[in-house]
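Breakdown of the fold
Listed below, chain by chain, are the residues.
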Amino acid sequence: MTDTTRSAEIRSRLTHPVIDADGHMIEFEAGVLDYLHQVGGRSLVDRFNSWGAQGLFNWHRLSAQERREKRVTRGVWWGLPARNTLDRATASLPKLLHERLEQFGIDFAILYPTLGLPVAHIEDEELRRGASRAFNSFYADIYREYADRLTPAAIIPMHTPQEAIEELEYAVKTLGLKAFMFPSHVRRPIPDLARKCPDAARQVFYLDTYGIDSDYDYDSVWTTCVELKVAPTFHSSGYGWGSRTSPSNFIYNRIGHFAAAGEALCKSLFMGGVTKRFPNLKFAFLECGVGWACNLYSDLFGHWEKRNRESLEHYNPANLNRDLLVDLHVRYGGKMVAGKLDQLKSGVGLLEGDPEDETTLDEWAHCRIERAEEIRDLFISSFYFGGEADDPITAWAFNTKVNPMGARLKALFSSDIGHWDVQDMTDVLAEAYELVEKELITEADFEDFVFTNPVSFYTGINPDFFTGTAVEKAAKRGPAAHG
């Protein structure tokens, strides 16, 4: 297939390759089920099918009244290409995708699951781990022949550090996989509610994001990632929690849901000190854009300035001059304070609250931030953010006039081919390049977006990630010079 496309024409003018950091395959389900049968037999296949029917498709089996009464979240529907049959088949057939990449203007693509996206969130441990193993084995086998331009991302379950480590080691050492998708969170029951109201506890949960307040110490997982040269990427839904629980409107639930999941995890890793303890490890948050990350980055600076341990003394009730406070109320309070001034001598009511535990006052203790510059350095060196081609907010990542301390956040080109967002796979790169054509970013920024940042993310922990691929020489050479 050599038809000239807008994207292919743009690629022909670039001085660097294009790396798609987040394309999507549409798994051939019958093939996956064969692998699942090999892993766990007929019973595991039946349980997987039952899980899909009860979880993924339960909404369709309920009446409108039942959906409202049960508050069953309206999930994605008509989420795959249909009218464009060629694109639909392309997402499922590695040989066809490999053949068409030139049309797309893409030199190398990292491919993420579709059917496998929610697998790491299955509550049944045996099914979760068995399905992860089956999907990963399927991915390794069907994409091995096309490794020069395509690599699939393995599914790594994270309900416990042990299961994550076991699947990581198998995926790397046995299957030879090199890209990895972790869930952004694990839904866990609230212990007190689970004891008192087990039925209600199934519907009410909190998010374990591996850093702040986690049930487990996940440092062993990050240590394993370093040892195995794995750069963790996260690609989880925010459906069904927060404000995204509409039983009737998918768009209402979808807008911002990847960003919400990414922000929860990113804050947890940062404030939990993971980036400080593992400075060489890179983390990527996919399909969520970069707008929330720019906002979080700025918020961290604002909160550090006002609520670092030293600055907190400005708000410590012990530093309140109560004599002066009473005097000012006497002179200026009038009828409002008449007969009530004695209350100021012991406290200022609800606004002051109970004494704080001194051991919990430094909320930056885990990440050991001592200077504002450390926020910039940790954030910029550790985190990467997947932005889709049609997202104009990607330009914010490169806006050094807006981002504190002139930072450039590391955005990753993410095509999302295979899903409803992309009506024509051949037009994705051209859409991304419109950022340059509209003068929202420069050619150098675009190179960082589609090439330099993906290379630095993966080779930062695994220098051989692109060895043997179509972009090996360019990845070793680095970014092109710009005048």
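Now for a look at the structure at hand. (Residues numbered from 1 in each chain as written. Predicted model: local features only at pLDDT ≥ 70, side-chain atom pairs only at ≥ 80, totals over all residues. Heavy atoms only, no water.)

This part covers the overall build of the protein. When helices and strands are tallied, the protein shows 20 helices and 10 strands. At 25 Å, the protein has a C-alpha radius of gyration in line with the 23 Å of a compact globule built from 483 residues. In terms of overall dimensions, the protein has C-alpha extents of about 85 × 60 × 45 Å along its principal axes. When the 483 residues of the protein are sorted by exposure, 50% land in the buried category. The long-range fraction of contacts in the protein, counting pairs at least 24 apart against all pairs at least 6 apart in sequence, stands at 76%. When the accessible area of the protein is evaluated, it comes to approximately 23500 Å², of which 52% is carbon and sulfur surface. Here the protein contributes 52 positively and 70 negatively charged side chains, and the mean placements of these two sets differ by 2 Å. (Helix = DSSP H or I, 4+ residues; strand = E, 2+ residues; numbered from the N terminus. Rg over C-alpha atoms; globule rule 2.2 N^0.38 Å. Buried < 20%, exposed > 50% of the residue type's maximum accessible area, 1.4 Å probe, protein only. Contact = heavy atoms within 4.5 Å. Areas by Shrake-Rupley, 256 points an atom, 1.4 Å probe, with all protein chains shown as cover. Lys, Arg positive; Asp, Glu negative; His and termini not counted. Charge placed at Lys NZ, Arg CZ, Asp CG, Glu CD.)

Next up on the list: the sheet that holds strand S8 (residues 283–285). Pairing within the open sheet is parallel, and its eight strands lie in the order S1-S2-S3-S4-S7-S8-S9-S10. Of all the strands in the sheet, the pair left with one neighbour each is strand S1 (19–24) and strand S10 (410–414). Each strand of the sheet is rotated relative to its neighbour by a mean of 30 degrees, with strand direction disregarded. Relative to strand S7 (residues 232–234), strand S4 (residues 179–182) runs parallel, the two being bridged by three bridges. Residue pairing in the sheet places Met-181 in a bridge with Thr-233 of S7. Together, S1, strand S2 (108–112), S4, S7, S8, strand S9 (383–388) and S10 form the strand contacts of helix H19 (residues 443–459), whose direction differs from that of S10 by roughly 110 degrees. (Pairing = 2+ DSSP bridges. Axes fitted to C-alpha atoms, helices over the stretch in contact; angles between N-to-C directions.)

On the surface, Leu-324, Leu-328 and Tyr-332 cluster together into a nonpolar patch covering about 320 Å² of accessible area. Tracing the backbone shows Leu-328 in helix H15 (residues 322–332). (Patch = residues over 30% accessible without salt bridge, like charges linked within 9 Å, V, L, I, M, F, W, Y side chains within 5 Å. Salt bridge = Lys/Arg side-chain N within 4 Å of Asp/Glu carboxyl O.)

Quick look at the side chain of Thr-275 now. With respect to the helices, strands and loops of the structure, Thr-275 is situated in helix H13 (residues 274–277). Residue Thr-275 is classed as buried on the basis of its relative accessible area of 0%. Apart from the residues lying within four places of it in its own chain, the contact partners of Thr-275 are Leu-269, Phe-270, Phe-283, Leu-378, Ser-382 and Phe-383.

A few words on the packing of helix H14 (residues 291–307) against helix H17 (residues 372–382). As a packed pair, H14 and H17 sit with axes 9 Å apart at the nearest point and diverge in direction by 160 degrees. One element, H14, and the other, H17, form an angle in the roughly antiparallel class. For H14 against H17, the interelement crossing comes out right-handed. Contacts between H14 and H17 involve Ala-293, Leu-296, Tyr-297, Leu-300, Phe-301 and Trp-304 on the former and, on the latter, Ala-372, Ile-375, Arg-376 and Phe-379. Along the lines of polarity and charge, the residues of the contact of H14 with H17 split into nine nonpolar, no polar and one charged. (Parallel < 35°, antiparallel > 145°, perpendicular 65-115°, else oblique. Left-handed = near helix turned anticlockwise from the far one by under 90°. Nonpolar A, V, L, I, M, F, W, Y, C, P; charged D, E, K, R; others polar.)

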